[in-house]
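# Close look at the chain arrangement
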Amino acid sequence: MTIRTALAATALASCLLAAPALAQSVNLYTTREPALLNPVIEAFTKDTGIKVNAVFLKDGLQQRIQAEGANSPADVMLVVDVGEIQAAADAGVTQPVKSALVDKIVPAQLRGAGDNWITLTKRARIVIVSKDRVKQDAITYEDLADPKWKGKFCIRSGQHPYNTALFSAYLGHHGAEKTEAYLKALKANTARKPGGGDRDVARDILSGQCDIAIINTYYIGLMSKATNEQKGWYEAIKPLKTTFANGGTHVNVSAAAIAKHAPNKENAVKLIEYMLGEKAQHIYADGNFEFPVNADVKEAAAVKLLGAVTPDKLPLADIAKNRKAASELVDKAGFDN
Amino acid sequence: MSLSASAAHQARPPARWRPSTRLAYLTAAAACLVALPVLALAFTALSREALTVWPHLAANVLPVALWNTALLLAGVALFCGAVGTGAAWLVTQYEFPGRRSLEWLLVMPLALPTYITAYVYVEILGFQGPFQSALRALTGWRSLRDYWFPDPRNLPGAVFILGIVLYPYVYLSVRALFSMQSAALIESARTLGTRRWPLFWRIGLPMARPALAAGLTLALLETLNDIGASEYLGVRSLTISVYTTWINRGSLAGATQIACVMLLVVVGLMAAEARTRGARRFALPVKRPRPVGRIRLSGARGWIASLACFLPALFGAVLPLYYLLGELWRRDLVAQADPTLWRALANTVAISALAAALIVVIGIGIAAALRLGRERALPLLARIASLGYALPGTVLALGLLVPLAAFDNVVADASRALFGASPGLLLLGSGAALVIAYLVRFLTIAVNGVESGYARISPRIDDAARSLGADRRELLRRLHWPLMRPAIAAAALLVFVDCMKELPATLLLRPLNFDTLATVVYGHAARGVFEDGALAALLIVAIGIYPALRLARAGEQTSVSREN
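A quick note: this is a predicted structure, and the numbers were derived from the prediction, not measured. (Residues numbered from 1 in each chain as written. Chains lettered and ligands numbered in written order. Predicted model: local features only at pLDDT ≥ 70, side-chain atom pairs only at ≥ 80, totals over all residues.)

Within chain B, the secondary structure is distributed over 23 helices and 2 strands. Rg of the C-alpha trace for chain B: 25 Å, near the compact-globule value of 24 Å for 564 residues, within the 12% margin. Taking the principal axes of its C-alpha atoms as reference, chain B extends roughly 85 × 80 × 50 Å. Contacts in chain B between residues at least 24 apart in sequence constitute 85% of all its contacts with a sequence separation of at least 6. (Helix = DSSP H or I, 4+ residues; strand = E, 2+ residues; numbered from the N terminus. Rg over C-alpha atoms; globule rule 2.2 N^0.38 Å. Contact = placed C-beta atoms within 7 Å.)

Bringing the overall build of chain A into the picture now. Each helix and strand counted, chain A has 14 helices and 12 strands in total. Over its C-alpha atoms chain A spans a radius of gyration of 21 Å, differing by no more than 12% from the 20 Å that the globule rule assigns to 337 residues. Principal-axis analysis of the C-alpha atoms places the extent of chain A at approximately 65 × 60 × 40 Å. Restricting to contacts in chain A with at least 6 residues of sequence separation, those with at least 24 account for 78%.

Here, the residues flagged by UniProt with the feature "domain: ABC transmembrane type-1" (unreviewed entry) are residues 66-271 and 345-551 of chain B. Secondary structure across residues 345-551 of chain B divides into 77% helix and 0% strand, with the first and last C-alpha atoms of the span separated by 22 Å. (UniProt positions renumbered as here; feature names shortened; annotations may be inferred.)

Let us look at the interface of chain A and chain B. Counting residues at the interface gives 60 residues for chain A and 59 residues for chain B. Contributions of two or more residues to the side of chain A that touches chain B are made by helix 1 (3-17), helix 2 (34-48), strand 2 (51-56), helix 3 (61-68), helix 6 (161-189), helix 7 (198-207) and helix 14 (323-332) of chain A. In terms of residue count, helix 1 of chain A provides more of the side of chain A that touches chain B than any other element does, 7 residues in total.

Now for the pairing of strand 2 of chain A. Note on strand geometry: in a regular strand, side chains alternate between the two faces of the sheet. Residues and elements named next belong to chain A. Where strand 1 (residues 25-30) and strand 2 come together, 6 bridges link them in parallel fashion. Residue pairing in the sheet places Thr30 in a bridge with Phe56 of strand 2. One crossover worth recording links strand 1 to the parallel strand 2 by way of helix 2, and it is right-handed. (Pairing = 2+ DSSP bridges. Right-handed = clockwise from strand over helix to strand, strands pointing away.)

Another aspect to go through is the nonpolar core. Counting residues in hydrophobic clusters, the biggest one holds 299 residues, and the most contacted among them are A:Met77, B:Ile359 and B:Val495. In terms of residue count, the dominant contributor to this core is helix 15 (residues 339-372) of chain B (21 residues). Each of domain 1 (23-122 + 252-300) and domain 2 (124-250 + 312-332) of chain A accounts for three or more of the residues forming this core. If sequence neighbours within four positions are ignored, B:Ile359 has contacts with B:Tyr438, B:Leu439, B:Phe442, B:Leu443, B:Ala446 and B:Val495. (Core = buried A, V, L, I, M, F, W, Y, C linked by C-beta atoms within 7 Å. Buried ≥ 20, exposed ≤ 12 C-beta atoms within 10 Å, placed from the backbone. Domains from an automatic or database assignment.)

A separate point is unusual backbone geometry. A positive phi angle is found at A:Asp115, which is not glycine, with a value near 55°. Looking at the element boundaries, A:Asp115 is found in the loop between helix 5 (100-105) and strand 5 (118-130). Note on A:Asp115: 20 C-beta atoms within 10 Å, which makes it buried. Of note, B:Asn513 is a non-glycine position whose phi angle comes to about 55°, a positive value. Tracing the backbone shows B:Asn513 in the loop between helix 21 (504-509) and helix 22 (517-526).

Turning next to the environment of B:Ile543. All names here are of chain B. Note on placement: Ile543 falls in helix 23 (residues 534-563). Given 20 C-beta atoms within a 10 Å radius, Ile543 is considered buried. With 285 residues separating them in the primary sequence, Ile543 and Ile258 have C-alpha atoms 35 Å apart.

Turning our eyes to something else, we now look at the pairing of strand 3 (residues 76-79) of chain A. Residues and elements named next belong to chain A. Residues Val76 and Leu78 of strand 3 are buried on one face, and the alternating residues Met77 and Val79, pointing to the opposite face, are buried as well. With 3 bridges joining them, strand 1 and strand 3 adopt parallel strand pairing. Each bridged residue has a counterpart across the sheet, and for Thr30 the counterpart in strand 3 is Leu78. Where strand 3 and strand 11 (residues 251-259) come together, 4 bridges link them in antiparallel fashion. Directly across from Val76, in strand 11, lies its bridge partner Ile258.

Structurally, the position occupied by B:Ala58 is in helix 3 (residues 48-93). With 12 C-beta atoms counted inside 10 Å, the residue B:Ala58 sits in the exposed group.

Next up on the list: the packing of helix 15 of chain B against helix 18 (residues 432-455) of chain B. Residue and element names in this part refer to chain B. Packing of helix 15 against helix 18 leaves a shortest axis separation of 7 Å and a crossing angle of 45°. The orientation of helix 15 relative to helix 18 falls into the category oblique. Remark: the crossing between helix 15 and helix 18 carries right-handed chirality. (Axes fitted to C-alpha atoms, helices over the stretch in contact; angles between N-to-C directions. Parallel < 35°, antiparallel > 145°, perpendicular 65-115°, else oblique. Left-handed = near helix turned anticlockwise from the far one by under 90°.)

The next thing to look at is the domain arrangement of chain A. Note on interface size: it is often stated as the accessible area lost on association of the parts. All names here are of chain A. Under the domain assignment used here, chain A contains domain 1 (23-122 + 252-300) and domain 2 (124-250 + 312-332). Taken over C-alpha atoms, the centre of domain 1 sits 27 Å from the centre of domain 2. Taken together, the contacts link 11 residues of domain 1 with 15 residues of domain 2. When residues of the side of domain 1 that touches domain 2 are traced back to their parent elements, those giving at least two are helix 4 (82-90) and strand 11. The residue makeup of the side of domain 1 that touches domain 2, split by class, is 3 nonpolar, 5 polar and 3 charged. (Nonpolar A, V, L, I, M, F, W, Y, C, P; charged D, E, K, R; others polar.)

Turning our attention to helix 13 (residues 299-330) of chain B. Side chains of residues three or four places apart in an α-helix project in the same direction, reflecting 3.6 residues per turn. Residue and element names in this part refer to chain B. With 32 residues, helix 13 ought to run about 46 Å at 1.5 Å a step, yet its terminal C-alpha atoms sit only 40 Å apart, falling short of that. The axis of helix 13 is deflected most strongly, by about 55°, at Leu314. Those residues of helix 13 lying buried are Ala305, Cys309, Pro312, Ala313, Phe315, Gly316, Ala317, Pro320, Leu321, Leu324 and Glu327. Where helix 13 terminates, the next one or two residues include Asp332, which has phi positive at roughly 55°. (Expected span 1.5 Å × (residues − 1). Bend = angle between axes of the 7 residues up to and from the residue.)

UniProt marks A:Tyr218 and A:Tyr219 with the feature "binding site: Fe cation" (unreviewed entry), using the numbering shown here. Structurally, A:Tyr218 is set in helix 8 (residues 217-225). Accessibility expressed as a C-beta count within 10 Å gives 27 for A:Tyr218, which makes it buried. Ignoring anything within four residues of it in the chain, the contact list for A:Tyr218 reads A:Arg123, A:Asn288, A:Phe289, A:Glu290 and A:Ala302. With respect to the element layout, A:Tyr219 can be found in helix 8. Apart from the residues within four sequence positions on either side, A:Tyr219 is in contact with A:Asp198, A:Arg199 and B:Gly528.

All names here are of chain B. Averaged over all residues, the pLDDT of chain B is 83; the fraction at 70 or higher stands at 90%. Here residues 1-17 is modelled with pLDDT under 50, and outside its nearest four sequence neighbours on either side it reaches 2 contacts, counting other chains as well. Ignoring residues within four places in sequence, the model shows residues 557-564, a span with pLDDT below 50, making 8 contacts including any to other chains. Under the prediction, the complex receives an ipTM of 0.82, its pTM being 0.84. (pLDDT = per-residue confidence, 0-100.)

Right, dumping it as structure tokens:
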């Protein structure tokens, strides 16, 4: 490495790193994968002329905005778990979303306290089974602990936020003691170590490694649309109508909030309103098989594929609140060991 | 400039200590920078909230995490030690078919980030992968209920995958040692009739110990810090526990406590390495070293040696690359590539090159300070400056986030007060935070690389030069620099490759609209379609291959020049 190379690299880097200065822009911090978000963002920029600067942060979004403090460039944050968005609101890095349009579209139970966060889309976490080997069409989350599934159950890490939220809901229904017993029973039923991603469980059903598994609904939709080997995974599985014994289906959300020190607050509101509009909600619903929050969006692909879902009555706020306790129970039950 | 420099040079009395004092300051500054996140973390780990988390961690998390980590480390150490040392011995001692190509092919796995190899193996060994498909086609079996097939998604799988990616660290350092230091000893032993196996066990291996320890330390630290592969393969290591404690329970304090336990493990590893190294010193004789004459292995033995060297390269590089190229073609990814990918490519190269240049310059300074300086605190400061490599990327990024953001805010507020306008976040908003994170994390590699270059220069050469009237600056410029250029180049390349592959700190600290190839791959993997990121993954590998080749060549060239 010569000095000259180093200097050239420095010059090149400084050109590349110089932030683009645009009059109309909005800065987005997201834990949502860019490829899922881009169609909506592109449509927004096209329709409004407002440029979206984005950074995809897998974890630590809240910590980063917190640390950046009053000078943070963040305007909007997008998060895919109710626990995470609530944690951000609790940490005081959000501000109320003030918009008549938002109030009209999003029901109160799908908003955070003081409108500090807003649900954009919903996704259910349900049970799938092998189409060939399991003959039933409905199941309860509680039934998964039945010893008849011993050596047949597959799931990703119990510490993944999607699972933590599900167990947190279970905790809300049944209390800590029963939840711990439930987790131990689930663990005893596993065909393999909890791990991998949500789609992997569908593959493991195809391979015969397991008969029954837990998955987020939009993955089913995405696999149904696939043109590669994932099509085969989709064809091997059957989604079951999944509910709590005394309730509905566990639903988690993707949500948005406005950063407390948002420098482009007006544009931030515009972006959130746009994401709730029919056009964006259709992109979400048809492109990514999520359940739209906007009731005017009819014929959503997810509903066509999986049927309507009756969400569990347990308030989202409770699920967010129990998250920590649920995560500790997962450790205690040795779920991932 | 040269005129004034030489004038100043002549004016200065010869025996002054100034250069080394300045270097000592540099070392101290680097140590402070590295200590910054560690202190920030330690502060959090001891907070009041932390006390309430500890009992749960101690009872439910740490025992399993420590046990898994110990097994993982032991497994990777055995794997890398055996494969790396064995391959290095074969290519330096024997002549067999394909040896020259294998010598560099064996370095190749280093170009692949562990998480990519993990994703690839889950696919290759998976139900629809080539092996299982072929097996079913041959036997008529229909599903995994009819047969058993190895599944990489467990601890042994993780040992294999981390081992196959990381063994080149051991291979490189042991090979350098075998090819440089062993000629006289090994040839004497051969003359005295020592047979092949005893030669390896009684001469080669004991001699390789310091190099083995150095290579293993790097491999084990990488293992300890690995998140992508371990998480995907379902191994609950300490790093994963840090991660889940932090994210799921929103408990930064708990996470930092586990990180502190990890630091203890690392300190243990480093102490063990220092002990192995400290006991013995291998400096080259002043006379120009001579390579060992390789013994030709004929017939079946030659082919067995070829196969033994080919298998690690096959599993570590050829097979994953073949798979990625296949996906590229099957999914027609080149046609779908968009400008964002090319921008990510440019970003990756630019920021890695910039960081590598800076890191190596500072690394040279620290190593030189260690060699020349007499300040008592130097070894300790240098140790502190090496700590960053021991921190998992996520934890390091967290530790840096708070102090860097605080600095940015002070600058922004001051500038607003003085000039009425704010530049925004200076470090976090510009990518400078990334360079700092890479510096903290990878400084060890540069320092170790330069130090190992120094270790090959006998102190007697220094003494001779000094008795001939050379001052320290001249010693550095006219002796050390030319002798160490290959070692420095190798260190620069290693750092560059590591920066390029770095994921967790890059994810957390990069500015808006700034993606690297690693974050692009991760973005695809995170939504469960890793294959869509095959092109970005291949680009990482392609850029990584050139440095890896250069690393392999670096060894070769020295051996060529020594033959003259």
